[in-house]
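Chains, contacts and geometry: an overview
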Amino acid sequence: MVGSTRREAMKVRIQVVIESEAGETVDAHEIAGIHRKELRPETLGLTLEEAKTVLEGVQRTIVEQQTAEYLQMQSRCPHCGTKRSHKGDHTVTLRTLFGKLRVKSPRVYHCQCQPRPTRTFSPLAELLPERSTPELLYLETKWASLMSYGLTTKLLEEVLPLGKYVNAETVRNHLHAVAERAETELGDEQVFYIDGCPRDWATLPRPDGPLTVGLDGGYVHSCDKTSRKDGWFEVIAGKSITAEGTAKCFAFVPRYDTKPKRRVFEVLKSQGMQMNQQVTFLSDGGDTVRQLQLYLNPQAEHLLDWFHVAMRVTVMTQMAKGLEGKDVAIQPAVLKELERSKWYLWHGNVYEACISIDNLELMLDNDDPLTVKRRSLLKALRDFRIYITTNARLIPNYGERWRYGEAIATGFVESTVNQVISKRCVKSQQMKWSPRGAHLLLQMRTRVLNDELKDTFRRWYPGTQNEEVKFKEAA
Ligand SMILES: [Zn+2]
């Protein structure tokens, strides 16, 4: 009532009306009734609980209608039209975004007009073998790739009318099933991925620019505690960056994965890698990654990622800054020498860098009693010397490459391992993984980070796209 100050109660009835193709009402179902009095911030529109009730009600009505129509269609033999005889009723549980629904699923006899391997079948159960809708699987997989299974469960439960049925175990099993399906699409493993010969490569169109691939290893806590050695297992993460700067990441568990090279190759191929294209592999120098990057491209060069070199020097600089007591006296000289060693490495001079590290060792290993902090810095220095001498042939003149705009590192801000693995798998010490569980999760996580999961689902369920189009047209 316009102009009135009288508060009026408002009643909203929500109904689902089912119409035939001709527009006649076939059936109508009352879903919910909502009462509103005074307009306040908290009474504006629907509350989450009301929205969940409405969605669940609409979903139940539509699903019941759809399944009933389908079963009606299935009640006669498609070949001769004879009515199929009924053997018994079962129920199937269908998990959808808007509720878990139990639907009647009859078992019927096959018609005798055609030879059949079985006597009976359940049309609905056979139509919906997965029992969960693709969209629900998609959302579960997407969110569980970004945060823990437990948090994913809580999020979905809070915003969707899924009831108490969702639990972390179910979400994990669904993610594993989706990941395994994606894994079956990966081609066979080969040792050698270089295709053709130099004469063929010369005839290829000019590639867009070099590809830069960063490879790095990390460790994940194992749930398998049969021996001490089993406490941790290795995970490899990588990122491939095109000349235009678009990046794709990948990851795998070497102990579990049987096709690591194929996996990396497919990522590079999806970014348009050609056999005449320059590919720079940047790694932390570990054995697993060294093996992996061989024979993927004839033009490949293999370098130690400057990120790892610089990080190690940064850590030692922090340790030197933390020196206390008598050690403070040598601090300025130590810091200066660390800077010198980094400068030599930046210019690819491993020989001078080693001399610089030897000088540092002499400074730290002096006649004063060895303090805990000096001892750890000394140990870090010795490890660093081993690290650069082992990887000496992978150390280029970074400064020169940098001036020419060539790749020297894939992650100055954050390592690929941190982005891909640590943030999801090693956030807390309690998180323990099986090699299979970690591998499958990482396949989905990289797909989500690469923004490819939705395309995967659209390819598997092409109907999804059509429905969306129809919905837009209707609106
Ligand atoms: Zn028949």
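Residues numbered from 1 in each chain as written. Predicted model: local features only at pLDDT ≥ 70, side-chain atom pairs only at ≥ 80, totals over all residues. Heavy atoms only, no water.

1. Some words on the overall build of the protein
Rule in force here: We count a stretch as a helix when DSSP gives it H or I for four or more residues in a row; a strand needs E for two or more, and each element gets its number in order from the N terminus. Taken over C-alpha atoms, the radius of gyration is set against a globule rule of 2.2 Å times the number of residues to the power 0.38. Working definition: with a 1.4 Å probe on protein chains only, accessible area under 20% of the residue-type maximum means buried, over 50% means exposed, and in between means partly exposed. Every residue pair with non-hydrogen atoms within 4.5 Å of one another is taken to be in contact. Shrake-Rupley sampling with a 1.4 Å probe provides the accessible areas, and residues are treated as covered by the protein chains on show and by no other component. Positive residues here are Lys and Arg, negative ones are Asp and Glu, while His and the chain termini are left out of the count. Think of each charge as sitting on NZ of Lys, CZ of Arg, CG of Asp or CD of Glu.
In terms of regular secondary structure, the protein is built from 17 helices and 10 strands. Taking 2.2 N^0.38 as the reference for a compact globule, 475 residues should give roughly 23 Å; the C-alpha atoms of the protein span a radius of gyration of 31 Å, well beyond that estimate. Each of the three principal axes of the protein carries a C-alpha extent, and together these read 95 × 70 × 50 Å. Counting across all 475 residues of the protein, residues that qualify as buried make up 42%. Restricting the contact set of the protein to residue pairs at least 6 apart, pairs at least 24 apart contribute 61%. Surface summary for the protein: the accessible area is close to 27,300 Å², and the carbon and sulfur share equals 53%. Side chains of the protein give 67 positive and 60 negative charges; the mean places of these two sets differ by 4 Å.

2. Observations regarding helix α12 (residues 372-390)
Condition: The span you would expect from a helix comes to 1.5 Å times its residue count less one.
Given a rise of 1.5 Å per residue, 19 residues ought to cover 27 Å, and the 27 Å separating the end C-alpha atoms of α12 matches this to within 8%. Contacts made by the buried residues of α12 are with β10 (300-304), α9 (306-321), α10 (331-346) and α11 (350-364).

3. Focus on the sheet that holds strand β4 (residues 99-109)
Rules: The rule for pairing is simple: two strands pair if DSSP sees at least two bridges between them. Angles shown run from 0 to 180 degrees and are taken between the N-to-C directions of axes, each axis being a line fitted to C-alpha atoms and, for helices, limited to the stretch in contact.
On the basis of which strands lie adjacent, the open sheet formed by 3 strands has the order β3-β4-β5 and antiparallel pairing. Strand pairing shows two members of the sheet lacking a second neighbour, β3 (86-96) and β5 (120-121), which therefore form its edges. Bridge count between β3 and β4: 10 bridges; the pairing is antiparallel. Along β4, the bridge assignment pairs histidine 90 with serine 105. Across the sheet, helix α1 (residues 48-74) is in contact with β3, β4 and β5; its angle to β4 comes to roughly 10 degrees.

4. Looking at the pattern of salt bridges
Just so we agree on the cut-off: By definition, a salt bridge exists where a carboxyl oxygen of Asp or Glu is found within 4 Å of a side-chain nitrogen of Lys or Arg.
For the coordinates displayed, the defined rule picks out 24 salt bridges. Across the pair arginine 36 and glutamate 50 runs a salt bridge, and its minimum N-O distance is 2.6 Å. Here arginine 36, found in strand β2 (residues 25-36), pairs with glutamate 50, found in helix α1; they are 14 residues apart in sequence, far enough to count as distant. A residue is classified by how much of its surface remains accessible, and glutamate 50, at 21% relative accessible area, is partly exposed.

5. Quick word on the packing of aromatic side chains
The geometry of an aromatic ring pair is captured by the separation of the ring centres together with the interplanar angle, meaning the angle of the planes. Under the convention used in this document: Only rings of Phe, Tyr and Trp enter the pairing, Trp through its six-membered ring, and a pair is recorded when the two centres are within 6.5 Å. The plane angle decides the type: under 30 degrees is stacked, over 60 is edge-to-face, the rest tilted.
For the coordinates displayed, the defined rule picks out 9 aromatic pairs. Relative to tyrosine 398, the ring of tryptophan 306 lies with its centre 4.8 Å away and its plane at 50 degrees, an arrangement referred to as tilted. A residue pair is termed long-range when its members are at least 10 positions apart, and tryptophan 306 in helix α9 and tyrosine 398 in helix α13 (residues 398-403) qualify at 92 residues. On the basis of relative accessible area, tryptophan 306 is assigned to the buried category, the value being 5%.

6. Overview of the sheet that holds strand β8 (residues 247-252)
Pairing is mixed across the open sheet formed by 5 strands, whose spatial order is β8-β7-β6-β9-β10. The open sheet has two free edges, formed respectively by β8 and β10, since each of these has just one partner strand. On average, each strand axis in the sheet is inclined to that of its neighbour by 20 degrees, with strand direction left out of account. Relative to β10, strand β9 (residues 279-283) runs parallel, the two sharing 5 bridges. Each residue of the ladder has a partner; that of phenylalanine 281, found in β10, is histidine 302.

7. Focus: a nonpolar patch on the surface
Definition in use: Excluding any residue in a salt bridge, patches collect residues exceeding 30% relative accessible area, merging like charges within 9 Å and nonpolar Val, Leu, Ile, Met, Phe, Trp and Tyr side chains within 5 Å.
Together, Leu48, Leu155 and Val159 make up an exposed nonpolar region whose accessible area comes to about 220 Å². Among the structural elements, leucine 155 can be located in helix α4 (residues 149-159). Leucine 155 sits in the partly exposed class, given a relative accessible area of 30%.

8. What to know about the coordination of the zinc ion
Using the following cut-off: Donor atoms: N, O and S within 2.8 Å of the metal, or within 3.2 Å for Na, K and Ca. Because water is excluded, sites can look incomplete. Under the classification used here, a metal with four donors is tetrahedral if each angle lies between 85 and 135 degrees, square planar if opposite donors are over 155 degrees apart and the others between 65 and 115, a six-donor metal meeting that same test is octahedral, and anything else is irregular.
For the zinc ion, every protein donor is listed as Cys77 (SG), Cys80 (SG), Cys111 (SG) and Cys113 (SG), and the spread of their distances is 2.2 to 2.3 Å. The coordination sphere of the zinc ion comprises 4 donor atoms, whose angles at the metal cover 100 to 117 degrees; the geometry is tetrahedral. Positions of the donor residues of the zinc ion, expressed as sequence spacing, correspond to C-x2-C-x30-C-x1-C. With cysteine 80 in the loop between α1 and β3 and cysteine 111 in the loop between β4 and β5, this pair connects stretches of sequence that are 31 residues apart.

Read these as spatial facts, not as claims about activity.
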